[in-house]
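So you can see what is in the structure, the chains are spelled out below.
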Amino acid sequence: MPFKLKIIGSGSAIPTLTRGVTSQYVNFNERHILIDCGEGTQMQLRRYKVKMQRLKIILISHLHGDHYLGLVGLLSSLSILGRTQLLTIYCPAELEELLQVQFRLAGMKFSYPIEFIHLKEGKPEVIFEDNILQITAFPVRHRIPTWGFRFDEREKELNIDPAAVKQFSMTHDEIKKAKKGEDIVRETSYLRNADITLPKQKLISYAYSSDTSYFEQMADYVQGVDLLYHEATFTEKQKDRADKTMHSTAREAATVAKKAKVGQLLLGHFSARFKNTDELLEEASQIFEQVVCVQDGDEFDL
Ligand SMILES: [Zn+2]
Ligand SMILES: [Zn+2]
């Protein structure tokens, strides 16, 4: 599978025996990424058998404790375990400041380099790009500056139709050109790209909305993704509380999914007031049918 999402923690505010606070592990074609790192994430990673040393990128959405309080412990353990590889942390600028104080006062020395890249406020921005994956950070609406993250598979080279290679005795150079989408012009003939390549494969995409109240542009930011993780801290019965704390209801999350025409909606970040997720699921599924309330340890593939 080119994409695997593992839910490390799906609760809000405080860790409980049944739900950890927010964290997710993404393996996007061997790019190993952690999204948020609430308290207890390290233990949850062990519980769900994620190899911590493989992580290359950590994305921190905002500075509420349930999204980052596990970070110092995790960084420290990686050092004790002898990591040497660079770790890049994309985060609000204040997080670096906060961690540097902690590192300095505790005299912490790391066995590996840590690079901090600050998220910018205002508009969506591509923060990471290689030949396979593009990650875009987008601003959401919460009590403090907060970002969501969108993962898009980058345009792949076309696959050549083996039958065409044989039929037209295509040369190595011609195959290279065709893979890039070019037509082949020969002295006495012309090969149309569509006749010598296989149909384009669909590109996969995932978005993580982080903590947010409902706002119109969210549907643009996550438009068309295969999989959307959206918080649903409350139901419409607690709409006042949702507005006050700048969180979403299950209905609002489903409205975003519907407007954005996503493939599947994953709900999480539930308030500890819910003993089970029946009410949340029912509310959301009235608006958008392809919806799941996640549990810690759940895995989703694309
Ligand atoms: Zn939260
Ligand atoms: Zn928050």
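Everything quoted here is computed from the prediction, not taken from an experiment.

**As for unusual backbone geometry**
Argument step 1. Even without a glycine there, the phi angle at Glu30 is positive, about 70°.
Argument step 2. Along the chain, the position of Glu30 falls in the loop between β2 (23-28) and β3 (31-35).
Argument step 3. Phi is positive for Asp36, which is not a glycine, with a value near 60°.
Argument step 4. You can see Asp36 is positioned in the loop between β3 and α1 (41-47).
Argument step 5. In this structure Asp36 comes out as buried when scored by relative accessible area, which is 0%.

**A closer look at the domain arrangement of the chain**
Many authors give the size of an interface as the accessible area that is lost as the parts come together.
Argument step 1. Each assigned domain of the chain is listed here: domain 1 (3-152 + 201-301) and domain 2 (162-196).
Argument step 2. The centre of domain 1, based on its C-alpha atoms, is set 44 Å off from the matching centre of domain 2.

**Examining the coordination of the zinc ion (ligand 1)**
Argument step 1. Donor atoms from the polypeptide that coordinate the zinc ion (ligand 1) comprise Asp66 (OD), His67 (NE2), Asp211 (OD) and His269 (NE2), at 2.1 to 2.2 Å from the metal.
Argument step 2. Geometry at the zinc ion (ligand 1) is irregular, judged from its four donor atoms and the angles of 87 to 162° they form at the metal.
Argument step 3. Read in sequence order, the donor residues for the zinc ion (ligand 1) give the motif D-H-x143-D-x57-H.
Argument step 4. A distance of 3.6 Å spans the gap from the zinc ion (ligand 1) to the zinc ion (ligand 2), which Asp211 bridges by coordinating each metal. Taken as a pair, His67 in helix α2 (residues 65-68) and His269 in the loop between β14 (264-268) and α11 (278-285) lie far apart in primary sequence, 202 residues in all. Per residue, the accessibility class of His67 equals that of His269, and both read buried.

**Description of the pattern of salt bridges**
Argument step 1. Within this structure, the stated rule accounts for 17 salt bridges.
Argument step 2. What emerges from the salt-bridge pattern is a single network uniting Lys4, Lys6, Glu299 and Asp301.

**Regarding the pairing of strand β12 (residues 205-208)**
Argument step 1. The alternating pattern of β12 places Ser205 and Ala207 and Tyr206 and Tyr208 on opposite faces, both of which are buried.
Argument step 2. As paired strands, strand β9 (residues 146-153) and β12 are joined by four bridges and run antiparallel to one another. Its bridge partner being in β12, Phe149 is matched across the sheet by Tyr208.
Argument step 3. In this structure, β12 lies alongside strand β13 (residues 227-231), joined through three bridges in parallel fashion. Bridging across to β13, Ala207 finds its partner in Leu228.

**Brief notes about the sheet that holds strand β16 (residues 299-301)**
Argument step 1. Read across the sheet, seven strands follow the order β6-β5-β4-β3-β2-β1-β16 without closing on themselves; strand pairing throughout is mixed. Two strands bound the open sheet, and with one partner strand each, they are β6 (114-118) and β16. Going across the sheet, the axis of each strand differs from the next one's by a mean of 20°, ignoring polarity.
Argument step 2. Inspection of the sheet shows strand β4 (residues 57-59) paired to strand β5 (residues 87-91) by three bridges, in the parallel sense. Among the inter-strand pairings, Ile58 is bridged to a residue of β5, identified as Ile89.

**Considering the coordination of the zinc ion (ligand 2)**
Argument step 1. Looking at the zinc ion (ligand 2), the protein donor atoms are His62 (NE2), His64 (ND1), His142 (NE2) and Asp211 (OD), and they sit 2.2 to 2.3 Å from it.
Argument step 2. For the zinc ion (ligand 2), the four donor atoms in the first shell make angles of 91 to 168° at the metal, a pattern classed as irregular.
Argument step 3. Along the chain, the residues that donate to the zinc ion (ligand 2) are spaced as H-x1-H-x77-H-x68-D.

**Focus: the side chain of Glu174**
Argument step 1. Note that Glu174 resides in helix α6 (residues 172-179).
Argument step 2. A relative accessible area of 13% means that Glu174 is categorised as buried.
Argument step 3. A distance of 2.8 Å separates a polar atom in the side chain of Glu174 from a polar atom in the side chain of Arg186.

**Description of the sheet that holds β14**
Argument step 1. Strand order in the open sheet formed by seven strands is β7-β8-β9-β12-β13-β14-β15, and the pairing between neighbours is mixed. Each edge of the open sheet is held by one strand with a lone partner, namely β7 (125-129) and β15 (291-293). With strand direction ignored, the average angle separating the axes of adjacent strands in the sheet is 20°.
Argument step 2. Taken together, the five bridges between β13 and β14 define a ladder with parallel strand orientation. Among the inter-strand pairings, Leu228 is bridged to a residue of β14, identified as Leu265.

What counts and how
Numbering of residues starts from 1 in every chain and runs along the sequence as written. All chains are assigned letters beginning with A, and all ligands numbers beginning with 1, in the order in which they are written. Residues qualify for local features only when their pLDDT is at least 70, as the model is predicted, and side-chain atom pairs are given and counted only at 80 or more; totals for whole chains, interfaces and linings, by contrast, use all residues. The side-chain quantities take in all heavy atoms of the structure and omit both hydrogens and water. Secondary structure follows DSSP: runs of H or I at least 4 residues long count as helices, runs of E at least 2 residues long count as strands, and numbering of each begins at the N terminus. Each residue is assigned to one of three classes by its accessible area relative to the maximum for its type, calculated with a 1.4 Å probe on protein chains only: buried under 20%, partly exposed between the two thresholds, exposed over 50%. Where each domain begins and ends follows an automated or database-derived domain assignment. Here a donor is any nitrogen, oxygen or sulfur atom (N, O, S) within 2.8 Å of the metal, with 3.2 Å used for Na, K and Ca; water is not among the atoms considered, so some sites may look incomplete. Every angle between 85 and 135 degrees makes a four-donor site tetrahedral, while opposite donors more than 155 degrees apart, with all other angles between 65 and 115, make a four-donor site square planar and a six-donor site octahedral; other sites are irregular. Counted as salt bridges are all cases of a side-chain nitrogen of Lys or Arg within 4 Å of a carboxyl oxygen of Asp or Glu. Being paired, for any two strands, means DSSP has found at least two bridges between them. Throughout, an axis means a line fitted to C-alpha atoms (over the contacting stretch in the case of helices), and angles, computed between N-to-C directions, take values from 0 to 180 degrees. Within 3.5 Å is the distance limit for a polar contact, defined as a pair of N or O atoms, with the added protein rule that one can donate a hydrogen and the other accept it, and that residues adjacent in sequence qualify only through two side-chain atoms.

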